[in-house]
Amino acid sequence: MTSIASPDGREQVEPLMATIYARRSIRRYTDERVPREVVTALLDAAIRAPSAHNRQPWRFAVIEDDAMKRTLAAAMGERLRVDLARDGVPKRSLMLTPAGRMPA
């Protein structure tokens, strides 16, 4: 997506804004594996992201084992509940099902 910038930069900003506004959050996933080439390309892009003072404090892990993914998801869910409780979120709101939904 190449364009020649007008003096006000609109040709460069509009495609960026369209991409930002089109983004969506995915909360349901398929069992389909992401090809290793795609993962590698995404990690390559991620490590090039700017960071404060060029410290690049992030760490990445590619987890392919389904049991490990479930263990990590459960631990992250528990950590979220602890953080929300510390923030004063009512206890009923913290009672989420494993799928992240309120119980019936």
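Above this note sits the structure.
What counts as what
- Residues numbered from 1 in each chain as written.
- Predicted model: local features only at pLDDT ≥ 70, side-chain atom pairs only at ≥ 80, totals over all residues.
- Heavy atoms only, no water.
- Helix = DSSP H or I, 4+ residues; strand = E, 2+ residues; numbered from the N terminus.
- Buried < 20%, exposed > 50% of the residue type's maximum accessible area, 1.4 Å probe, protein only.
- Contact = heavy atoms within 4.5 Å.
- Areas by Shrake-Rupley, 256 points an atom, 1.4 Å probe, with all protein chains shown as cover.
- Expected span 1.5 Å × (residues − 1).
- Polar contact = N/O pair within 3.5 Å; in protein donor to acceptor, adjacent residues only side chain to side chain.

1. Quick word on the overall build of the protein chain
Here comes step 1: What the protein chain contains, in helices and strands, is 4 helices and 0 strands.
Here comes step 2: Counting helices and strands in the order they occur from the N terminus, the protein chain gives α-α-α-α.
Here comes step 3: When the 104 residues of the protein chain are sorted by exposure, 3% land in the buried category.
Here comes step 4: Here the contacts in the protein chain between residues at least 6 apart in sequence split such that 14% fall between residues at least 24 apart.
Here comes step 5: Of the roughly 9,800 Å² that the protein chain leaves accessible, carbon and sulfur atoms contribute 58%.

2. Here we look at helix α3 (residues 66-86)
Here comes step 1: Taking 1.5 Å per residue as the helical rise, α3 with its 21 residues ought to reach 30 Å, and the 30 Å between its terminal C-alpha atoms agrees with that figure.
Here comes step 2: Capping the start of α3, Asp-65 holds a side-chain oxygen 3.3 Å from the backbone nitrogen of Ala-67, two or three residues further along.
Here comes step 3: Note on α3: the residue one or two positions beyond its end, Gly-88, has a positive phi of about 90°.

Note that all results are geometric; they support no functional claim without further evidence.
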